[in-house]
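Inside the fold
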Amino acid sequence: YDTVPASWDAEQISLAQSATVACFASPSAVKAWLKNTNDLETPRALASCIGETSATACRENEWAEENIFYPEKPGVDGWTDAVVDALEHLARK
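Residues numbered from 1 in each chain as written. Predicted model: local features only at pLDDT ≥ 70, side-chain atom pairs only at ≥ 80, totals over all residues. Heavy atoms only, no water.

Here the structure, examined in full by the defined rule, presents 2 salt bridges. The residue Glu-52 makes a salt bridge to Arg-59 at a minimum N-O spacing of 2.9 Å. Relative accessible area serves as the criterion here: at 28%, Arg-59 is assigned to the partly exposed category. Among the ionic contacts, a cluster of salt bridges with common partners joins Glu-52, Arg-59 and Glu-65. (Salt bridge = Lys/Arg side-chain N within 4 Å of Asp/Glu carboxyl O. Buried < 20%, exposed > 50% of the residue type's maximum accessible area, 1.4 Å probe, protein only.)

Put into C-alpha coordinates, the structure is as follows:
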(Lines give C-alpha, C1' and ligand atoms only; values in the text may rest on other atoms or scores of the structure.)
Protein backbone atom coordinates (compact mmCIF):
# COMPACT_ATOMS: atom_id res chain seq x y z
CA TYR A 1 0.00 0.00 0.00
CA ASP A 2 1.00 3.63 -0.35
CA THR A 3 0.88 6.15 2.44
CA VAL A 4 -0.40 9.50 1.19
CA PRO A 5 -0.17 12.57 3.46
CA ALA A 6 -3.53 14.05 4.34
CA SER A 7 -4.47 17.48 3.07
CA TRP A 8 -6.01 19.64 5.76
CA ASP A 9 -8.80 22.17 5.55
CA ALA A 10 -8.60 25.65 7.11
CA GLU A 11 -10.07 24.51 10.44
CA GLN A 12 -7.53 21.70 10.80
CA ILE A 13 -4.68 24.07 9.99
CA SER A 14 -5.99 26.52 12.58
CA LEU A 15 -6.09 23.76 15.21
CA ALA A 16 -2.55 22.69 14.31
CA GLN A 17 -1.39 26.29 14.62
CA SER A 18 -2.54 26.38 18.24
CA ALA A 19 -1.18 22.92 19.16
CA THR A 20 1.65 22.79 21.67
CA VAL A 21 2.11 19.00 21.47
CA ALA A 22 1.71 16.91 18.31
CA CYS A 23 1.35 13.13 18.61
CA PHE A 24 2.96 10.89 16.01
CA ALA A 25 2.41 7.15 15.52
CA SER A 26 4.51 6.88 12.36
CA PRO A 27 7.11 8.66 10.26
CA SER A 28 4.41 9.31 7.64
CA ALA A 29 2.41 11.20 10.29
CA VAL A 30 5.48 13.38 10.92
CA LYS A 31 5.73 14.06 7.17
CA ALA A 32 2.00 14.90 6.95
CA TRP A 33 2.28 17.30 9.91
CA LEU A 34 5.23 19.06 8.32
CA LYS A 35 3.54 19.24 4.90
CA ASN A 36 0.49 20.88 6.41
CA THR A 37 2.22 23.18 8.92
CA ASN A 38 5.28 24.22 6.93
CA ASP A 39 3.95 27.69 6.11
CA LEU A 40 2.71 28.52 9.62
CA GLU A 41 4.53 31.25 11.49
CA THR A 42 4.18 29.63 14.89
CA PRO A 43 6.76 27.73 16.94
CA ARG A 44 7.01 24.04 16.15
CA ALA A 45 4.93 21.91 18.53
CA LEU A 46 6.62 19.46 20.86
CA ALA A 47 6.62 15.94 19.40
CA SER A 48 5.15 13.03 21.33
CA CYS A 49 6.06 9.85 19.46
CA ILE A 50 4.86 6.27 19.86
CA GLY A 51 8.44 5.03 19.55
CA GLU A 52 11.97 5.54 18.28
CA THR A 53 11.07 5.30 14.57
CA SER A 54 8.76 8.30 14.74
CA ALA A 55 11.24 10.13 16.97
CA THR A 56 13.95 9.53 14.36
CA ALA A 57 11.68 11.02 11.69
CA CYS A 58 11.36 14.12 13.87
CA ARG A 59 15.14 14.36 14.27
CA GLU A 60 15.61 13.98 10.52
CA ASN A 61 13.23 16.91 10.06
CA GLU A 62 15.13 19.20 12.41
CA TRP A 63 13.11 18.91 15.60
CA ALA A 64 15.33 19.81 18.53
CA GLU A 65 16.11 16.72 20.62
CA GLU A 66 14.77 18.38 23.79
CA ASN A 67 11.40 18.79 22.03
CA ILE A 68 10.95 15.09 21.18
CA PHE A 69 9.33 12.76 23.71
CA TYR A 70 8.99 8.99 23.26
CA PRO A 71 9.04 5.82 25.36
CA GLU A 72 11.91 3.33 25.55
CA LYS A 73 9.50 0.56 24.52
CA PRO A 74 7.11 1.52 21.72
CA GLY A 75 3.40 1.22 22.42
CA VAL A 76 0.30 3.07 23.46
CA ASP A 77 1.02 2.98 27.21
CA GLY A 78 4.48 4.47 26.77
CA TRP A 79 3.14 6.94 24.23
CA THR A 80 0.68 8.20 26.86
CA ASP A 81 3.61 8.75 29.22
CA ALA A 82 5.44 10.63 26.43
CA VAL A 83 2.49 13.00 26.07
CA VAL A 84 2.48 13.61 29.83
CA ASP A 85 6.24 14.22 29.73
CA ALA A 86 5.81 16.79 26.94
CA LEU A 87 3.05 18.58 28.83
CA GLU A 88 5.12 18.63 32.02
CA HIS A 89 8.02 20.06 30.00
CA LEU A 90 5.72 22.88 28.84
CA ALA A 91 4.54 23.51 32.40
CA ARG A 92 8.16 23.97 33.56
CA LYS A 93 8.85 26.66 30.94
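Let's pick the thread back up.
Attention now moves to a negative patch on the surface. There is a patch of like negative charges on the surface, built from Asp-77, Asp-81, Asp-85 and Glu-88. Inspection of the secondary structure puts Glu-88 in helix H4 (residues 76-92). For Glu-88, a relative accessible area of 42% puts it in the partly exposed group. (Patch = residues over 30% accessible without salt bridge, like charges linked within 9 Å, V, L, I, M, F, W, Y side chains within 5 Å. Areas by Shrake-Rupley, 256 points an atom, 1.4 Å probe, with all protein chains shown as cover. Lys, Arg positive; Asp, Glu negative; His and termini not counted. Charge placed at Lys NZ, Arg CZ, Asp CG, Glu CD. Helix = DSSP H or I, 4+ residues; strand = E, 2+ residues; numbered from the N terminus.)

One finds Phe-24, Val-30, Trp-33, Cys-49, Cys-58 and Trp-63 to be the most contacted residues of the largest nonpolar core, which totals 14 residues. Leave out the neighbours within four places in its chain, and Cys-49 touches Phe-24, Ser-54, Ala-55, Cys-58, Ile-68, Phe-69, Tyr-70, Pro-71, Trp-79 and Ala-82. Counting 5 residues, the second-largest nonpolar core is a separate cluster that includes Leu-46, Phe-69, Ala-82 and Ala-86. (Core = buried A, V, L, I, M, F, W, Y, C linked by side-chain atoms within 4.5 Å. Contact = heavy atoms within 4.5 Å.)

This brings us to the packing of aromatic side chains. Aromatic ring pairs are reported here in terms of the distance separating the ring centres and the angle at which the planes meet. In total, this model carries 3 aromatic pairs according to the counting rule given. Their ring planes at 70 degrees and their centres at 5.6 Å tell us that Trp-8 and Trp-33 sit as a pair that is edge-to-face. With Trp-8 in the segment before helix H1 (10-18) and Trp-33 in helix H2 (residues 27-37), this residue pair connects regions lying 25 residues apart in the sequence. In this structure Trp-33 comes out as buried when scored by relative accessible area, which is 13%. Between the aromatic rings of Phe-24 and Trp-63, the centroid separation amounts to 5.6 Å while the plane-to-plane angle is 75 degrees, which identifies the pairing as edge-to-face. In this pair, Phe-24 sits in strand E1 (residues 21-24) while Trp-63 sits in the loop between helix H3 (52-60) and strand E3 (68-69), placing the two residues 39 residues apart along the sequence. Phe-24 gets classed as buried once you look at its relative accessible area, which sits at 2%. According to the relative accessible area criterion, Trp-63 is buried, its value standing at 5%. (Phe/Tyr/Trp six-rings, centres within 6.5 Å; stacked < 30°, edge-to-face > 60°.)

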